[in-house]
Amino acid sequence: MAARVLRPLPRLKPFNRLQVILQHLKMSKHTDSTAEVLLEKRGGAGIITLNRPKALNALNLSMIRQIYPQIKTWEKDPETFLIIIKGTGGKAFCAGGDIRAITDAGKIGDRLAQDFFREEYMLNNAIGTCKKPYVALIDGITMGGGVGLSVHGHFRVATEKTLFAMPETAIGLFPDVGGGYFLPRLSGKIGYYLALTGFRLKGRDVLKAGIATHFVESEKLPDLEKDLIALKSPSTENIADLLNSYHAKSKIDQEKFVLDEHMEKINSLFSASSMEEIVKNLKQDGSPFATKQLETINKMSPTSLKMTLRQLREGASMSLQDVLTMEYRLSQACMRGHDFYEGVRAVLIDKDQSPRWKPAALEEVSDEFVNDCFKPLGNNDLKL
């Protein structure tokens, strides 16, 4: 049988070659407007743009796998002086992790249910330990995984459109992404209140609660970004000065803190060491505020509530790394359990808002069960 002759490929004319290169660049994940995350260098700044506006920029594993190495690269690059992270679409910075994908994976024992949390928490740690100033423009919805992409960085800029929450207890999860580190460090017991009830903070209140570091009007963000990019070899102080100057000029949304009048109650009612005691405190108090919190807490997963209270109480004196290691153990306990799948079904899939928790009451969630959730995973532990 005659051997097949392989003809050499035609040599491209220079113009055609240029076209091919341009086409390739167009399709590259870094510049393609259909990519889920855009990574670019402008001036002295590395810019991360979350680009899933239809999904409110929800964070998935492929985005994590692009952002993490890029942060590590920029951190080592002497020509990168700061990192900016933002979202597209005008509605959200990042509304959370891609919960649907994790649910599907967890049900069939797919690795994604381990990989997602492991790599997300590694990214949270990379942000928390980043040697370059990290500026998160949290314009719009910032919840769950979106909080993890912002709160551990040096600067968090809220706007009048910011909507913050850690709503995990409503879906049988817990306020992860380092919630066990930053929530108990907020003033008084506000972090415990936000974690257990999923209460939403809006606009300047995100700053007043200590979650954001600055407040700038949404329409001024493009100017702020331009000015950040234009800074020549800036230090952290130079960046802080620029953010402070924008912050000082923002006059909108000046009402007093939404939780101001309730802070005394929050600090006393949420200081108990067990969920049962917190519930008892709320019942005994009997004020409209306490009654409302009781109604909210009664809708949450009892398992999640107990897990969360312990997570925050222990996390209060732990390093971010130890908190994330603890949270990885809890994430895997949730993947093994019942309430996470039931919560996602009730809130995100069927949307009947009527989860059937198992166990259904706080008293039925034993200390032994909760202790099990916190147990080390041996070789499977998160190593940071």
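Nothing here was measured: the structure is a model prediction, and the numbers come from that model.

1. Focus: the sheet that holds strand β8 (residues 163-165)
So, point 1. Pairing within the open sheet is mixed, and its four strands lie in the order β4-β6-β8-β9. Strands with a single pairing partner mark the edges of an open sheet, and in this sheet they are β4 (92-94) and β9 (201-202).

2. Remarks on the pattern of salt bridges
Side-chain pairing between opposite charges can occur once the charged atoms of the two side chains come close.
So, point 1. Under the definition given, this model contains 20 salt bridges.
So, point 2. One salt bridge in this structure joins Asp139 and Lys161, with 4.0 Å as the shortest N-O distance. Here Asp139 is found in the loop between β5 (134-138) and β6 (141-143), whereas its partner Lys161 is found in the loop between β7 (155-158) and β8, with 22 residues between them in sequence.
So, point 3. Among the ionic pairs, Asp372 bridges to Lys375, the shortest N-O distance being 2.8 Å.
So, point 4. The exposure class assigned to Asp372 is partly exposed, which follows from its relative accessible area of 39%.

3. Some details on the packing of aromatic side chains
Describing an aromatic ring pair means giving the distance of the ring centres and the angle of the ring planes.
So, point 1. Summed over all chains, the structure comprises six aromatic pairs.
So, point 2. With centroids separated by 5.3 Å and ring planes inclined at 65°, the aromatic side chains of Phe340 and Tyr341 adopt a geometry described as edge-to-face. Considered together, Phe340 and Tyr341 belong to a single accessibility category, that of buried residues.
So, point 3. In this structure an aromatic cluster arises from ring pairing among Tyr193, Phe199, Phe270 and Phe289.
So, point 4. Stacked on the ring of Tyr192, the Lys or Arg Lys189 has its end atom at 4.4 Å from the ring centre.

4. Looking at the environment of Ala195
So, point 1. On the secondary structure map, Ala195 appears in helix α7 (residues 190-197).
So, point 2. In this structure Ala195 comes out as buried when scored by relative accessible area, which is 0%.
So, point 3. Spatially, the C-alpha atom of Ala195 lies 7.4 Å from that of Leu183, the residues being twelve residues apart in sequence.
So, point 4. In this view, Ala195 contacts Met166, Thr169, Pro175, Leu183, Thr308 and Leu312; residues no more than four positions away in its chain are not counted.

5. Remarks on the pairing of β5
So, point 1. The buried fraction of β5 amounts to five of the five residues, a majority that puts the element mostly inside the structure.
So, point 2. The sheet contact formed by strand β3 (residues 82-87) and β5 spans three bridges and is parallel. Its bridge partner lying in β5, Ile84 is registered against Val135.
So, point 3. As judged from the four bridges shared by β5 and β7, these two strands associate in the parallel manner. Its bridge partner being in β7, Ile138 is matched across the sheet by Ala158.

Conventions used here
Residues numbered from 1 in each chain as written. Predicted model: local features only at pLDDT ≥ 70, side-chain atom pairs only at ≥ 80, totals over all residues. Heavy atoms only, no water. Pairing = 2+ DSSP bridges. Helix = DSSP H or I, 4+ residues; strand = E, 2+ residues; numbered from the N terminus. Salt bridge = Lys/Arg side-chain N within 4 Å of Asp/Glu carboxyl O. Buried < 20%, exposed > 50% of the residue type's maximum accessible area, 1.4 Å probe, protein only. Phe/Tyr/Trp six-rings, centres within 6.5 Å; stacked < 30°, edge-to-face > 60°. Lys NZ or Arg CZ within 6 Å of the ring centre and 35° of its normal. Contact = heavy atoms within 4.5 Å.

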